[in-house]
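A structural walkthrough
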Amino acid sequence: MTHKLDTLGAWLLGLLWILPLAYALWAAFHPPAYATRFDLLAPLTLENFSRAWNAAPFPRYFLNTFLLVTMVLVAQLVLSTLAGYAFARFEFRGRDTVFMLVLLQLMIMPDVLLVENYRSMSLLGVRDTVFAIGLPYFASAFGIFLLRQTFKTVPRELEEAARVEGAGPLQILMKVYVPLAKPIYVAYGLVSVSHHWNNFLWPLIITNSVESRPLTVGLQVFSSTDQGVDWSVITAATLLSAAPLLIGFLLFQRQFVQSFMRAGIR
Amino acid sequence: MNKSMQAVYGWLLLLPAIVLLAAFTHYPALATLWHSFFSTPRGSRPARFVGLENYALMRDDPVFWQSLWNNLWFALGTIPTSIAIALVMALWVNRNLSGRGFLRMAYFTPTVLPMVAVANIWLFFYTPQYGLIAQVLQVFGIPGQNWLGNRDTALPALMLVTVWKESGFFMIFYLAALQTVSPSLREAALLEGASRWQYFRRVLWPLLMPTTLFVLVNALINAFRLVDHVVVMTRGGPDNASSLLLYYIYQVGFSFWDTAYAATLTVVLLLILAITALVKFRWLDKKTHYQ
């Protein structure tokens, strides 16, 4: 009996939770006349998508977002690997103090330091570029922390064996530590990509041209200025901008969920 | 490798990350504090030292106080609710209910969608007269209203979106924790005649405490860090009724271009985050260990 009640409750909540996405799919795949009228016989159409695609420079926004998440991910992986290795396996004075300073970024993120980072980007002369959107996030305390924890669990014997064969510190890192941390790299990568794909406020501030705007900002510009209240086109654009992540998530659900889990449990 | 070589390698490996961290986290945090004691440079007039003038201005600024209170209410309204829903979701998904795969997908999907995108969809839900909520209410003969245009409902409307977006994310952490709980505990408790509620209250809840604290800190930071939905849905309105602290900083800094005052407001935000950090490191990490 309670089992049935649980199932019922779980499904009600599940349907409620999926409702916004379900509505977006409805509105995007039907003609505008059906955006607020629910009729099972309504004709299906892809026209909203092509109208949205042509009404704003979405291909360019896609390219910008793609460049942004790739650039941030590569920089974060390289920098976090090097720093995580230093914190995990090298003994030197001041190490623990520096580590505490690094952890500070977990709390005080670039997300809230808008005014000063905007000033820095102006000084560097990189305002309104994709590079400027990514730059504050290149060094990630979270990534450093995650890799330090992982590298610490690698048995010292493996390192010794490589050293006997004459490998230097960087070779040991590449041949022993990095391969063993592969699941963590995947987890961190998924979290990082979805975070920066979705990031909005900083890109909104630092960009003001089509050439540098990522999807999130492009979507906002599109839906707030060009469209008035054409919900079908707006939902189509909304789905377009979320589609790669959403499809990736639906295909690799287990990996996504496990990655968010792994990355969260420190 | 001898000691000095260890140090050389250690610092060289750290160098790129440290330089960037210092440049875009530590330096701006300190520069924010520094600039809060100066005036905003305008045209040919450079910034000059004004002492605590910006802080006096802030003390007398009703919009600042309103944004701060809104933010506290926002945190208070969203955090316990999302944690409770997340826990219930995790308990359900952890059991052998039919359609478990669908349920987990449904709960978690909002997490991977951009806030800007979902805010656009919710914007339609809240639209007066022909929005989804208005239509559903009409069926029951209840007069709808302008949820985002009303001072009393604008902030709660944003809270609802946040709860919807975050619960599935927090569910993951509870789910991970629940999977480490041995099923024999439950059997033992039920054998002793404990009710489900007693088992939850006396056994599960204490076991899940570290997870709850972890989620709590994350939720608290998010409550002060995320204002995407404010930008898309209400722009802080009506009458600043849904303005959050970071949104007000954004407005002052990048609509009014009063950078010195924006810096002063940011100092308050940094203070709130620093207190959260301190509580976390001092008190939380004794329980969850960082080494």
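The notes below deal with the structure included here. (Residues numbered from 1 in each chain as written. Chains lettered and ligands numbered in written order. Predicted model: local features only at pLDDT ≥ 70, side-chain atom pairs only at ≥ 80, totals over all residues.)

1. What about the overall build of chain A?
In terms of helices and strands, chain A carries 14 helices and zero strands. Element order for chain A, N to C, with α for helix and β for strand: α-α-α-α-α-α-α-α-α-α-α-α-α-α. Computed over the C-alpha atoms, the radius of gyration of chain A is 23 Å, more than 25% above the 18 Å expected from 2.2 N^0.38 for a compact globule of 266 residues. By its C-alpha atoms, chain A is 70 × 65 × 30 Å across when sized along the principal axes. (Helix = DSSP H or I, 4+ residues; strand = E, 2+ residues; numbered from the N terminus. Rg over C-alpha atoms; globule rule 2.2 N^0.38 Å.)

2. Describing the interface of chain A and chain B
With 71 residues of chain A in contact, the opposing surface of chain B contributes 69 residues. By residue number, the principal contributor to the side of chain A that touches chain B is helix 1 (residues 2-29) of chain A, which donates eleven residues. (Contact = placed C-beta atoms within 7 Å.)

3. Description of the nonpolar core
One finds Tyr174, Leu246, Ile249 and Leu269 of chain B to be the most contacted residues of the largest nonpolar core, which totals 163 residues. Counting residues per element, this core draws most heavily on helix 7 (residues 154-178) of chain B, which supplies 15 residues. (Core = buried A, V, L, I, M, F, W, Y, C linked by C-beta atoms within 7 Å. Buried ≥ 20, exposed ≤ 12 C-beta atoms within 10 Å, placed from the backbone.)

4. Quick word on unusual backbone geometry
A positive phi angle is found at Asp128 of chain A, which is not glycine, with a value near 60 degrees. Within the element layout of this structure, Asp128 of chain A appears in the loop between helix 5 (114-124) and helix 6 (130-134). Overall, the presence of 16 C-beta atoms within 10 Å leaves Asp128 of chain A in the partly exposed class. Here Asn240 of chain B, not a glycine, exhibits a phi torsion of approximately 65 degrees, which is positive.

5. Observations regarding the packing of helix 8 (residues 156-164) of chain A against helix 9 (residues 169-180) of chain A
For any two helices packed against each other, one specifies the crossing angle of their axes together with the interaxial distance. Residue and element names in this part refer to chain A. One can describe the packing of helix 8 onto helix 9 by two numbers: an axis separation of 10 Å at closest approach and a directional angle of 135 degrees. Classified by the angle between their axes, helix 8 and helix 9 sit oblique to one another. Here helix 8 and helix 9 pass one another in a crossing that is right-handed. Note on element contacts: helix 9 touches helix 8 through Ile172, Lys175 and Val176, opposite Leu158, Glu159, Ala162 and Arg163. Each residue belonging to the contact of helix 8 with helix 9 can be placed in one class, and the counts come to four nonpolar, no polar and three charged. (Axes fitted to C-alpha atoms, helices over the stretch in contact; angles between N-to-C directions. Parallel < 35°, antiparallel > 145°, perpendicular 65-115°, else oblique. Left-handed = near helix turned anticlockwise from the far one by under 90°. Nonpolar A, V, L, I, M, F, W, Y, C, P; charged D, E, K, R; others polar.)

6. Points about helix 13 (residues 231-251) of chain A
Across its 21 residues, helix 13 of chain A extends 28 Å between first and last C-alpha, which sits within 8% of the 30 Å expected from 1.5 Å per residue. For helix 13 of chain A, the principal kink sits at Ala243 of chain A and spans about 60 degrees; a proline, Pro244 of chain A, occurs within the next four residues. (Expected span 1.5 Å × (residues − 1). Bend = angle between axes of the 7 residues up to and from the residue.)

7. Digging into the environment of Lys165 of chain B
All names here are of chain B. Here Lys165 is to be found in helix 7. Exposure remark for Lys165: the 23 C-beta atoms within 10 Å place this residue in the buried category. Taking the C-alpha atoms as reference, Lys165 lies 34 Å from Glu187; in sequence the two are 22 residues apart. With residues up to four places along the chain from it excluded, the contact list for Lys165 reads Pro110, Met115 and Val118.

Read these as geometric descriptors, not functional statements.
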